Amino acid sequence: MKPIIYIKPGCPWCNEALAYFQQHGVDLDVRDVTRSRSNMQRMIEISGQSLTPTFEYGDFVVADFSVDEFVDEVAEEPEVRRRLGLADHLEDD
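Report on the accompanying structure. (Residues numbered from 1 in each chain as written. Predicted model: local features only at pLDDT ≥ 70, side-chain atom pairs only at ≥ 80, totals over all residues. Heavy atoms only, no water.)

**Regarding the pairing of strand E2 (residues 29–32)**
Applied cut-off: Between any two strands, at least two bridges found by DSSP are needed for them to pair. Comment: elements are numbered from the N terminus, with helices defined as DSSP H or I runs of at least four residues and strands as E runs of at least two. Assignment of crossover handedness uses the view with strands pointing away from the viewer, where a clockwise path from the first strand over the helix to the second indicates a right-handed crossover.
Relative to E2, strand E1 (residues 4–7) is paired through four bridges, and the arrangement is parallel. Looking at the pairing, Ile7 lines up with Asp32 of E2. Each parallel crossover has a hand, and the one from E1 via helix H1 (residues 12–23) to E2 is right-handed.

This is the structure in structure tokens:
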């Protein structure tokens, strides 16, 4: 299962999030919600809102986040951290 990130082009928080995941070697399924109505609908369905970035990995969803907020959320989910390969990186961020 590949994590999904919903983005909007030009969104500075999206660019920051993409850079963070790239830096840590997390392979993402990047979905532009401005190009696909179904991607926007899915993002709203899982998060209850329409702001980006929104991250989905199974039942773990973080909506409308900064990298710091994502790090805080994933810190509470050790199994998700491990599966994403972030377990060793949180101390560095």
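And the narrative resumes.
**What to know about the pattern of salt bridges**
Just so we agree on the cut-off: Here, a salt bridge means any side-chain nitrogen of Lys or Arg that lies within 4 Å of a carboxyl oxygen of Asp or Glu. Only protein chains enter the accessibility calculation, which uses a 1.4 Å probe. A residue is then buried if its area is under 20% of the maximum for its type, exposed if over 50%, and partly exposed in between.
This model, assessed by the stated rule, comprises seven salt bridges. Among the salt bridges present, the one from Arg35 reaches Asp32, with a minimum N-O distance of 3.3 Å. For Arg42, the salt bridge identified is with Glu56, shortest N-O distance 2.4 Å. Of this pair, Arg42 sits in helix H2 (residues 37–47) while Glu56 sits in strand E3 (residues 54–57), placing them 14 residues apart in sequence. Take Arg42: its relative accessible area is 31%, and that puts it in the partly exposed class. Among the residues examined, Glu56 registers a relative accessible area of 7% and is labelled buried. Sharing partners across several salt bridges, the network here consists of Arg42, Glu45 and Glu56.

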